[in-house]
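Chain and residue survey
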Amino acid sequence: MWKSRFCRLIALQVVGTFGLLTYLHLATTSNERDRETLQKTQKEYDNVDFGSQVSQAEKVAGLGAHQYLVNTSSSKREPETLNKTNNTYGDVRLGGKWSPTGNRNSSSGEKMAILVTFRDREEHLKIFLSRMHPFFQRQGLDYTIYVIEQHGEEPRFCKGLLYNVGFTEALKDDPSYDCFVLHDVDLIPENDSTPLYTCAKSPYHLSVAVDKLKYKLPYPGLVGGVLALSTSHYKLLNGYSNLYCGWGAEDDDLARRMYKHVLRVKRPDRAVARYHMLPHGNHTKNPEKYFLLFNGIRRAKRDGLSNLHTMNHTVTSITRKALYTHVLVNVTKRNAINTHMKRADVKG
Ligand code: UDP
Ligand code: MN
């Protein structure tokens, strides 16, 4: 009798201990898995393969797999050349300006500059202009499109520097802009459920669901893609860092500046702000980006709008084209990154 009770006790203990060990094992490995998944997602985002060239169909009609902005007839109105002066968008004024006519006010009540940084993506720009002019007009915005194009000897694309140049030049063009939308040339809203472009909820990150990124934010701090920022907030942040050249992290640096100034990023619902990314190859990596991010906040006051005039660029020309204002920027080779650092920047 006591023998069988003893055996049952031993069996229970063995089962219990085994259960506990299994639980502990599962708990630690799932933690590791979470960590791995996180690293993997960030790595994957670093290495997303953005596909090859724009498809022939997209080139011809400005359409992709889905029919973006289905209610437009603008595919028939593709700008044949980007320099075309007699544009078929009728009421877009020279330089890519448009505002509601008569005594209608803009629906956001804002005067808006759309900044598009650009190099070597002509097919994208054609599609962007043909889609976005009608879209902005349906939204009832008072807007101007500025395309800030990099040329010159710097091989890497310096997006933050270009945005700062665009911001500065747009305000010289019209000091009354109170809202800036920083827009990738390859992001096209899928339909008109996209919320009103506005800085009222500034900073307002609109491109929260991109098909290429599986309609999910790859990480919570992402502010790249399409971002609306009021003029006063852009100035408060001292704009972007001028030092990021090559792919990535200039937007993460900006997000840190927002965090420092306690500016909370607002985002629309994923269900209504869906974008298609036009296909493109990956562009040149930026090996310095982690180092720059590491000391980004310490440099923020000195690196941005405040020292733009000392940076490696000149504005070659500003031309009013039929569908946009073209700001051509010669970006010369940048000095080694450490020449921009103070000792205080790099201490741990
Ligand atoms: N861009 C460009 N030419 C380049 C690299 C970037 O015109 O060689 C501009 C363009 O507006 C593009 C944006 O910078 O949409 C972001 O770059 P990319 O699309 O390569 O990066 P992603 O945001 O897709 O990671
Ligand atoms: Mn892209």
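Above: the structure in question.
This write-up is about the structure you can find in this document. (Residues numbered from 1 in each chain as written. Chains lettered and ligands numbered in written order. Predicted model: local features only at pLDDT ≥ 70, side-chain atom pairs only at ≥ 80, totals over all residues. Heavy atoms only, no water.)

**So, the overall build of the protein**
The helix and strand tally for the protein stands at nine helices and 11 strands. A buried classification covers 50% of the 348 residues belonging to the protein. Of the roughly 17,700 Å² of accessible surface on the protein, a fraction of 56% belongs to carbon and sulfur atoms. (Helix = DSSP H or I, 4+ residues; strand = E, 2+ residues; numbered from the N terminus. Buried < 20%, exposed > 50% of the residue type's maximum accessible area, 1.4 Å probe, protein only. Areas by Shrake-Rupley, 256 points an atom, 1.4 Å probe, with all protein chains shown as cover.)

**Looking at the coordination of the manganese ion (ligand 2)**
In this structure, D186 (OD) and H280 (NE2) serve as the protein donors to the manganese ion (ligand 2), at separations of 2.1 to 2.3 Å. With D186 in the loop between strand 4 (179-183) and strand 5 (187-189) and H280 in the loop between strand 9 (274-277) and helix 7 (289-294), this residue pair connects regions lying 94 residues apart in the sequence. As far as the burial class goes, D186 and H280 line up, both buried. (Donors = N, O, S within 2.8 Å, 3.2 Å for Na, K, Ca; no water.)

**Observations regarding helix 6 (residues 250-260)**
For helix 6, the buried fraction is high: eight of the 11 residues fall into the buried class. Considered for burial, the residues of helix 6 that qualify are E250, D251, D252, D253, L254, A255, R257 and M258. Lining the buried residues of helix 6 we find helix 4 (159-173), strand 8 (226-230), helix 7 and helix 8 (296-299). Downstream of helix 6 by a residue or two, V262 has a phi angle that is positive, lying close to 55 degrees. (Contact = heavy atoms within 4.5 Å.)

**Things to note about a positive patch on the surface**
A contiguous patch of positive charge on the surface is contributed by K212, K214, K216 and R270. As for its position among the elements, K212 is in the loop between strand 7 (209-210) and strand 8. Residue classification places K212 among the partly exposed positions, given a relative accessible area of 35%. (Patch = residues over 30% accessible without salt bridge, like charges linked within 9 Å, V, L, I, M, F, W, Y side chains within 5 Å. Salt bridge = Lys/Arg side-chain N within 4 Å of Asp/Glu carboxyl O. Lys, Arg positive; Asp, Glu negative; His and termini not counted. Charge placed at Lys NZ, Arg CZ, Asp CG, Glu CD.)

**Points about the sheet that holds strand 9**
In spatial order, the strands read 5-9-7; together these three strands make up an open sheet with mixed pairing. Since the sheet does not close on itself, it has two edges, and those belong to strand 5 and strand 7, each with one partner. Pairing between strand 5 and strand 9: three bridges, direction antiparallel. Bridge pairing in strand 9 links P189 to Y275. (Pairing = 2+ DSSP bridges.)

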